[in-house]
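# Commentary on secondary and tertiary structure
Residues per chain are reported as follows:
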Amino acid sequence: MSARNKALRLGLTGGVGCGKSTVASYLAELGATVIDADKISHELTQKGSAFLDDIRANFGDGVFLPDGSLNRSALGEEIFNDEAKRILLQKILHPAVQREMLSRMDKADGEGVEVLVLDVPLLYECALDALCDVVWVVSVEEDIQALRVMTRDRITREQAKARMNCQMPLDEKEKRADRVIYTGRPEADVKAEVKHLFKDLTRDL
């Protein structure tokens with residue numbers, strides 16, 4: 001590793017259905033260490049987690065399955081159709097997710113990781129771009145984005161649009177980004193661009 005005392009921190013964000021997880025997987029293949037905020041949130045809300053008590057107290061039994069685990073689909077319907085509930089859930093989970101992210105970042109620095117990817121859907125909304133040396137936004141045309149969300153989550157176009165509208169508009173994210181990666185192209189082309197950008201990013205490490 002170079003004289004840097006911490007990893008180069010690459011923020012990766014984009015709208016739901018834009019292909020961010022796919023780009024993150026390409027970066028992992030290239031040798032980057034990825035910290036995925038969504039995966040951390042999922043881990044923190046597994047059956048038996050203390051956070052489930054807070055969620056039940058604020059959202060009721062309707063967002064739980066009979067075995068006591070979180071019904072993520074039902075919770076999604078609640079928060080994507082009610083901004084107050086979405087903000088409430090964020091207040092319950094986001095501080096813990098961010099603490100865990102910071103802990104993993106420190107661990108990565110201690111292990112001599114050279115490139116650390118912070119894969120965070122709400123990177124700008126939560127001001128976590130302040131932790132990053134550079135930010136890439138993954139984007140796609142709105143119609144393709146909606147179709148991907150509909151297919152992945154088995155929901156209607158109206159429901160997909162509601163989820164898309166819960167996030168900062170893509171054009172605003174693109175304006176703030178250091179690089180924008182468009183994924184409405186053949187996979188091989190996207191992968192080649194990510195490889196090229198990563199090579200440029202790490203040239204002096």
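Preceding this paragraph is the structure being described.
Residues numbered from 1 in each chain as written. Predicted model: local features only at pLDDT ≥ 70, side-chain atom pairs only at ≥ 80, totals over all residues. Heavy atoms only, no water.

### A closer look at the sheet that holds strand 2 (residues 33-36)
With parallel pairing, 5 strands are arranged side by side in an open sheet as 2-3-1-4-5. Looking at strand neighbours, the two that pair on one side only are strand 2 and strand 5 (179-182), the edges of this open sheet. Averaged over all adjacent pairs, the angle separating strand axes in this sheet is 25 degrees, with direction ignored. Judged from the 4 bridges that link them, strand 4 (residues 134-139) and strand 5 form a sheet pairing that is parallel. Paired with V137 across the bridge in strand 5 is V180. Running over the sheet, helix 2 (residues 37-44) touches strand 2 and strand 3 (115-119) and is turned about 50 degrees from strand 2. Sitting on the sheet, helix 5 (residues 83-110) is in contact with strand 1 (8-14), strand 2 and strand 3, with an inclination near 170 degrees to strand 3. (Pairing = 2+ DSSP bridges. Helix = DSSP H or I, 4+ residues; strand = E, 2+ residues; numbered from the N terminus. Axes fitted to C-alpha atoms, helices over the stretch in contact; angles between N-to-C directions. Contact = heavy atoms within 4.5 Å.)

### A closer look at the layout of surface pockets
Roughly 1,700 Å³ of volume is contained in the largest pocket. Along its surface, the largest pocket is lined by 49 residues, and D38, F80, P121, R152 and Q167 are the ones closest to its centre. Elements represented by at least two residues in the lining of the largest pocket include exactly helix 1 (20-29), helix 2, helix 4 (72-79), helix 5, helix 6 (142-153) and helix 9 (187-201). Looking at which element gives the most residues to the lining of the largest pocket, the answer is helix 5, with 10 residues. (1 Å grid on protein atoms, 1.4 Å probe; cavity = no way out; pocket = protein on both sides within 12 Å on 5 of 7 lines; lining within 4 Å. Points joined across faces, edges and corners; volume = space filled by probe spheres on them.)

### Observations concerning the packing of helix 2 against helix 5
Closest axis-to-axis distance for the helix 2/helix 5 pair is 10 Å, and the angle between their directions is 115 degrees. The way helix 2 lies across helix 5 gives a crossing that is right-handed. Along the contact surface, helix 2 presents A37, I40, S41, E43 and L44, while helix 5 presents L93, A96, V97, E100, M101 and R104. Taken together, the residues of the contact of helix 2 with helix 5 sort by class into 7 nonpolar, 1 polar and 3 charged. (Left-handed = near helix turned anticlockwise from the far one by under 90°. Nonpolar A, V, L, I, M, F, W, Y, C, P; charged D, E, K, R; others polar.)

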